[in-house]
Amino acid sequence: MVSTLDSVNKQQAQQSALATAAQRKPQLAKISGVATAVPPGLLTNQDLEKMVDTTDEWIVTRTGIRQRHIVEKGVTSSDLGAQAAQKLLEQKGLKPTDIELIIVATVTPDMMLPATACLIQEKIGATGAWGFDVSIACSGFLYAQQIAVQFVANGTHENVLVVGVDIMSSIIDYTDRATCIIFGDGAGAALVQPSSGVEDGCFLDYIFEIDGSGAQYLRLAGGGSKHPASHETVDKKMHYVHQDGRTVFKFATLKMSELCHKLLERNGLTGSDISLFVPHQANRRIIEAAAERIGAPMERVLVNIDEYGNTTAATLPIALQTALSQGRLKKGDLVLMAAMGAGFSAGATLLRWGY
Ligand code: UT7
């Protein structure tokens, strides 16, 4: 039987929970830290010349890529993601248990299940955190980051860890010259926290779009519910990424610049107002075309594809880290981030840099 005292305590607890919920105020959110983990192993264009019918000159001219970092056998996405997260925690002087939510963008999870977020949570010791994975390929980090922003903005979370990680070498056919020259491995982590105002840095606006009619042009079809893994799927190389490069190229160039343009326009800005344009690193020519269309001068565009190739969900945090190490990002800078990838999926995010 419930005593009168228990019932009074219960009512008080409910009222206090309601009062807390009512007092929760929407707030601004910002990026307050970035760290990366890139494997030391390199796959250079010269290495690829020995593996497929290609040349350094073709790869550099058509893509801008000179090398990619590749993991040693056995290194997983949760290993690299956890390394990036640990560096970030050290940098910020946070305890693993300060992290409330872990969102991991990846298309190369350690396993189909459980989510890589759970594996990273365990590896970094973020006891009590919750989390999940976001699977939207090269747009993954941008989408995951925006989800993090929602949880901070609604006043329920103060330390959200966003990880973008992909071990593309685990799903690439190194006999397919049109695909294997592009991708590399890497991880990046960002911390999303509350902001005290625009001067403190904050997320301003975003515009995202998916278009499933593009699914056929960039995909990994084997191992899912449509084509469960079998000898046949392996014989047909369905466990590898397949792409129609030209169609993806066209979509990327048009959609990334269209979304950036719309986002800038509705915020009363033009490309020349941007301090730094940080686009997904898929192909140097895609980046240059997008920059030109939105009127962003190349000296304000972050390009590091020569060094890392396309690391899918990791390109954006790695690009942010490159910008920081080159001294090209300071608190309050107006930053435009953009992505596009399989789905098709695309997006652009506008923010004031937060540290
Ligand atoms: O994050 C999203 C991931 N995917 C992408 O971003 C891919 C976007 N697309 C691209 O970056 C480019 O389309 C590629 C780099 C994949 C290809 O460049 P391209 O300038 O579009 O070349 P293409 O596919 O039009 O092929 C031109 C020629 C073809 O030969 P033919 O038919 O003209 O004789 C290809 O067979 O280049 C040939 N080719 C190569 N030659 C040397 C394709 N790959 C190679 C190669 N080395 N690695």
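This one's a predicted model, so the numbers in the text were calculated from it and none came from an experiment.

Enquirer: So what about the sheet that holds strand β6 (residues 160-167)? Which residues, and what values?
Expert: With respect to topology, five strands assemble into an open sheet ordered β1-β7-β6-β4-β5, the strand pairing being mixed. In this open sheet, the two edge strands, each paired with only one partner strand, are β1 (28-37) and β5 (130-134). Shown here is a sheet whose adjacent strand axes are inclined to one another by a mean of 20°, direction ignored. In this sheet, strand β7 (residues 185-195) lies alongside β1 in antiparallel orientation, the contact comprising nine bridges. The partner of isoleucine 31 across the bridge, within β7, is valine 192. Against the sheet, helix α4 (residues 77-92) contacts β1, β6 and β7, and its axis sits at roughly 120° relative to β1. On the sheet, helix α6 (residues 140-153) packs against β1, β4 (101-105), β5, β6 and β7 and is oriented at approximately 170° with respect to β6.

Enquirer: Describe the packing of helix α9 (residues 245-266) against helix α10 (residues 284-294), naming the residues involved and giving the relevant values.
Expert: Relative placement of two packed helices is described by the angle separating their axes and the distance separating the axes. Taken N-terminus to C-terminus, the directions of α9 and α10 make an angle of 30°; their axes are 9 Å apart at the nearest point. As for the relative orientation of α9 and α10, their crossing is right-handed in sense. Across the interface between the two elements, Phe249, Ala252, Thr253, Leu254, Met256, Ser257, Cys260, His261 and Leu264 from α9 touch Arg285, Ile286, Ala289, Ala290, Arg293 and Ile294 from α10. Among the residues forming the contact of α9 with α10, the class breakdown is 10 nonpolar, three polar and two charged.

Enquirer: So what's going on with unusual backbone geometry? Which residues, and what values?
Expert: Of note, the amide linkage connecting leucine 113 to proline 114 takes the cis form, showing an omega dihedral of 5°. Positionally, proline 114 belongs in the loop between β4 and α5 (116-124). Following glycine 343, the chain continues into phenylalanine 344 via a peptide bond in cis, with omega recorded as -5°. Within the element layout of this structure, phenylalanine 344 appears in the loop between β12 (334-341) and β13 (345-352). One non-glycine residue, lysine 237, adopts positive backbone phi at about 60°. Positionally, lysine 237 belongs in the loop between α8 (231-235) and β10 (242-243). A relative accessible area of 32% means that lysine 237 is categorised as partly exposed.

Enquirer: Kindly report on the pairing of β7, identifying the contributing residues and their values.
Expert: Within β7, 10 of the 11 residues are buried, leaving the element largely enclosed by the surrounding structure. One ladder, built from eight bridges, connects β6 with β7; its direction is antiparallel. Opposite glycine 164, over in β7, you have glycine 188 as the bridge partner.

Enquirer: Can you break down the nonpolar core residue by residue, with the values?
Expert: Ranked by internal contacts, the top residues of the largest apolar core, which has 44 residues, are Phe277, Leu336 and Met340. Listing elements by their share of this core, those giving two or more residues are α9, α10, β12 and β13. Looking at which element gives the most residues to this core, the answer is α9, with eight residues. Shared between two domains, this core takes at least three residues from each, and those domains are domain 1 (28-198) and domain 2 (202-352).

Enquirer: Requested: an account of the environment of proline 39, with residues and values cited.
Expert: Tracing the backbone through its elements, the reader meets proline 39 in the loop between β1 and β2 (42-44). On the basis of relative accessibility, which here comes to 7%, the residue proline 39 falls in the buried class. Between the alpha carbons of proline 39 and isoleucine 70 there is a distance of 6.1 Å; along the sequence they are 31 residues apart. Not counting the four nearest positions on each side in its chain, proline 39 is found in contact with His69, Ile70, Val71, Leu80, Asp185 and Gly186.

Enquirer: Residues and numbers for the sheet that holds strand β8 (residues 202-210), please.
Expert: What the four strands build is an open sheet, ordered β8-β13-β12-β11; its pairing is mixed. Two strands bound the open sheet, and with one partner strand each, they are β8 and β11 (276-279). Strand-to-strand twist in this sheet, taken as the mean axis angle between neighbours without regard to direction, amounts to 10°. Sitting on the sheet, α6 touches β8, β12 and β13, and the angle it makes with β8 is about 130°. Where α10 meets the sheet, it contacts β11 and β12, and its direction lies at approximately 140° from that of β11.

Enquirer: Any details on the site of the ligand? Residues and values, ideally.
Expert: Of all residues adjacent to the ligand, which total 23 residues, the nearest are Thr54, Arg62, Arg246, Asn283 and Arg285. A distance of 3.4 Å is found between a nitrogen atom of the ligand and a side-chain nitrogen or oxygen belonging to tryptophan 58. In the environment of the ligand, an oxygen atom lies 2.7 Å from a nitrogen or oxygen atom belonging to the side chain of arginine 62. The dominant element in the shell around the ligand, judged by the number of residues it contributes, is α9, at four residues. Among the residues making up the shell around the ligand, the classes are represented as 11 nonpolar, seven polar and five charged. Each of domain 1 (28-198) and domain 2 (202-352) contributes no fewer than three residues to the shell around the ligand.

Reading guide: rules and limits
Residues numbered from 1 in each chain as written. Predicted model: local features only at pLDDT ≥ 70, side-chain atom pairs only at ≥ 80, totals over all residues. Heavy atoms only, no water. Pairing = 2+ DSSP bridges. Helix = DSSP H or I, 4+ residues; strand = E, 2+ residues; numbered from the N terminus. Axes fitted to C-alpha atoms, helices over the stretch in contact; angles between N-to-C directions. Contact = heavy atoms within 4.5 Å. Left-handed = near helix turned anticlockwise from the far one by under 90°. Nonpolar A, V, L, I, M, F, W, Y, C, P; charged D, E, K, R; others polar. Buried < 20%, exposed > 50% of the residue type's maximum accessible area, 1.4 Å probe, protein only. Core = buried A, V, L, I, M, F, W, Y, C linked by side-chain atoms within 4.5 Å. Domains from an automatic or database assignment. Near = heavy atom within 4 Å. Polar contact = N/O pair within 3.5 Å; in protein donor to acceptor, adjacent residues only side chain to side chain.

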